[in-house]
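# Summary of structural features
Each chain, written out:
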Amino acid sequence: QQQVKQSPQSLIVQKGGISIINCAYENTAFDYFPWYQQFPGKGPALLIAIRPDVSEKKEGRFTISFNKSAKQFSLHIMDSQPGDSATYFCAAKETSGSRLTFGEGTQLTVNP
Amino acid sequence: DAGVIQSPRHEVTEMGQEVTLRCKPISGHNSLFWYRQTMMRGLELLIYFNNNVPIDDSGMPEDRFSAKMPNASFSTLKIQPSEPRDSAVYFCASRLAGGTQYEQYFGPGTRLTVT
């Protein structure tokens, strides 16, 4: 089964710092790489997504960096805020369908 | 606009009982997904439908689990009989299939506890 590996499992950052979460996948049958944000008691919500034909995508304080040859992608949160404290999931969509394979999740805590 | 609606939000039941979880996707969406989230296994896709037809049910754990989508605005996930290891948060998500937009919109989830 295709897998997506995510690290770290948890991350503590000071307010104003940069949060970095990494993901790696094992094969090339993916064509869409989203990041979802989940707050306690809520469902995951799409944060930002990238396709493999670009190496970087930025939306406000959130940036995805994508390295196709290394099969890795990462989420960078600039100027991290306490309101960013949540669990973040990377995911990958299979080229042949709609299935999303999720990483294990990273619990981010941003201290004030 | 109403998002994905799930009911109940919390369910506590005894082992052996039948459990039915319900989902109303966003109006106009034609793909529906059922996920299970646990600490041990993370977020797992159980089954998804396109235009009310089950496309991929490879994530359904076993025959105790079944899902239906009788029309475009309603789906159920049934567990019969339930077991303590089924305790998890179950999410329903929907999206508009086709084109280049792949965002899935998740509901608030149903927290199931089987004692």
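See the structure above.
Keep in mind it's a predicted model, so treat the numbers as computed, not measured.

As a further point, take the packing of aromatic side chains. Within this structure, the stated rule accounts for 19 aromatic pairs over all chains. When the ring of F66(A) is compared with that of F73(A), the centres are 6.3 Å apart and the planes differ by 40°; the resulting orientation is tilted. What makes F66(A) buried here is its relative accessible area of 7%. Of the aromatic side chains, those joined through ring pairs into one cluster are Y36(A), F89(A), F102(A), F33(B), Y35(B), Y48(B), F91(B) and F106(B). The side chain of K93(A) reaches across the aromatic face of Y102(B), ending 4.5 Å from its centre.

In this section: the interface of chain A and chain B. Of the residues lining the interface, 17 residues belong to chain A; the matching set on chain B comes to 21 residues. Carbon and sulfur atoms supply 51% of the area that chain A and chain B bury against each other, a total of about 1500 Å² over both sides. The largest share of the area that chain A buries against chain B comes from S98(A), R99(A) and F102(A), three residues that together contribute 35% of it. There are one salt bridge connecting chain A and chain B. Taking the shortest distance from any N to any O, the salt bridge between D56(B) and R99(A) comes out at 2.9 Å.

As a further point, take the pattern of salt bridges. Close approach of charged atoms allows side chains of opposite charge to pair. Residue and element names in this part refer to chain B. Tallied over the full model, the rule gives 13 salt bridges over all chains. The partner of R64 in a salt bridge is E62, with the nearest N and O atoms 2.8 Å apart. A relative accessible area of 9% means that R64 is categorised as buried. With a relative accessible area of 27%, E62 lands in the partly exposed category. Ionic pairing is found between D86 and R64, a salt bridge with its closest N-O pair at 2.6 Å. Linking D86 in the loop between β8 (74-79) and β9 (88-95) with R64 in the loop between β6 (53-56) and β7 (65-71), this pair joins segments that are 22 residues apart in sequence. R64 matches D86 in its accessibility class, with the two residues each being buried. If you follow the salt bridges from partner to partner, you end up with E62, R64, E83, R85 and D86 in one network.

Residues and elements named next belong to chain B. Among the structural elements, S82 can be located in the loop between β8 and β9. Classification of S82 by relative accessible area gives buried; the value is 1%. Residues S82 and T113, spaced 31 residues apart in sequence, show a C-alpha to C-alpha distance of 9.7 Å. Residues contacting S82, with those up to four places away along its chain left out, are T13, E14, M15, G16, Q17, V19, R64 and V114. From its side chain, S82 meets the backbone oxygen of Q17 in a polar contact 2.8 Å long.

Another point: the state of the cysteines. All told, the structure shown has two disulfides over all chains when counted by the stated rule. Two residues share a disulfide in this structure: C23(A) and C90(A), whose sulfurs sit 1.9 Å from each other. Looking along the S-S bond of the C23(A)-C90(A) disulfide, the torsion reads about -95°, which is the left-handed sense. Separated by 67 residues along the polypeptide, C23(A) in strand β3 (residues 19-25) and C90(A) in strand β9 (residues 86-94) bring together distant segments of the chain. Classification of C23(A) as buried rests on a relative accessible area of 3%. Classification of C90(A) as buried rests on a relative accessible area of 0%. A sulfur-sulfur distance of 1.9 Å marks the disulfide that ties C23(B) to C92(B). Disulfide C23(B)-C92(B): the torsion about the S-S bond is -65°, which places it as left-handed.

About the criteria used
- Residues numbered from 1 in each chain as written.
- Chains lettered and ligands numbered in written order.
- Predicted model: local features only at pLDDT ≥ 70, side-chain atom pairs only at ≥ 80, totals over all residues.
- Heavy atoms only, no water.
- Phe/Tyr/Trp six-rings, centres within 6.5 Å; stacked < 30°, edge-to-face > 60°.
- Buried < 20%, exposed > 50% of the residue type's maximum accessible area, 1.4 Å probe, protein only.
- Lys NZ or Arg CZ within 6 Å of the ring centre and 35° of its normal.
- Contact = heavy atoms within 4.5 Å.
- Buried area = accessible area lost by both parts, 1.4 Å probe.
- Salt bridge = Lys/Arg side-chain N within 4 Å of Asp/Glu carboxyl O.
- Helix = DSSP H or I, 4+ residues; strand = E, 2+ residues; numbered from the N terminus.
- Polar contact = N/O pair within 3.5 Å; in protein donor to acceptor, adjacent residues only side chain to side chain.
- Disulfide = S-S within 2.5 Å.

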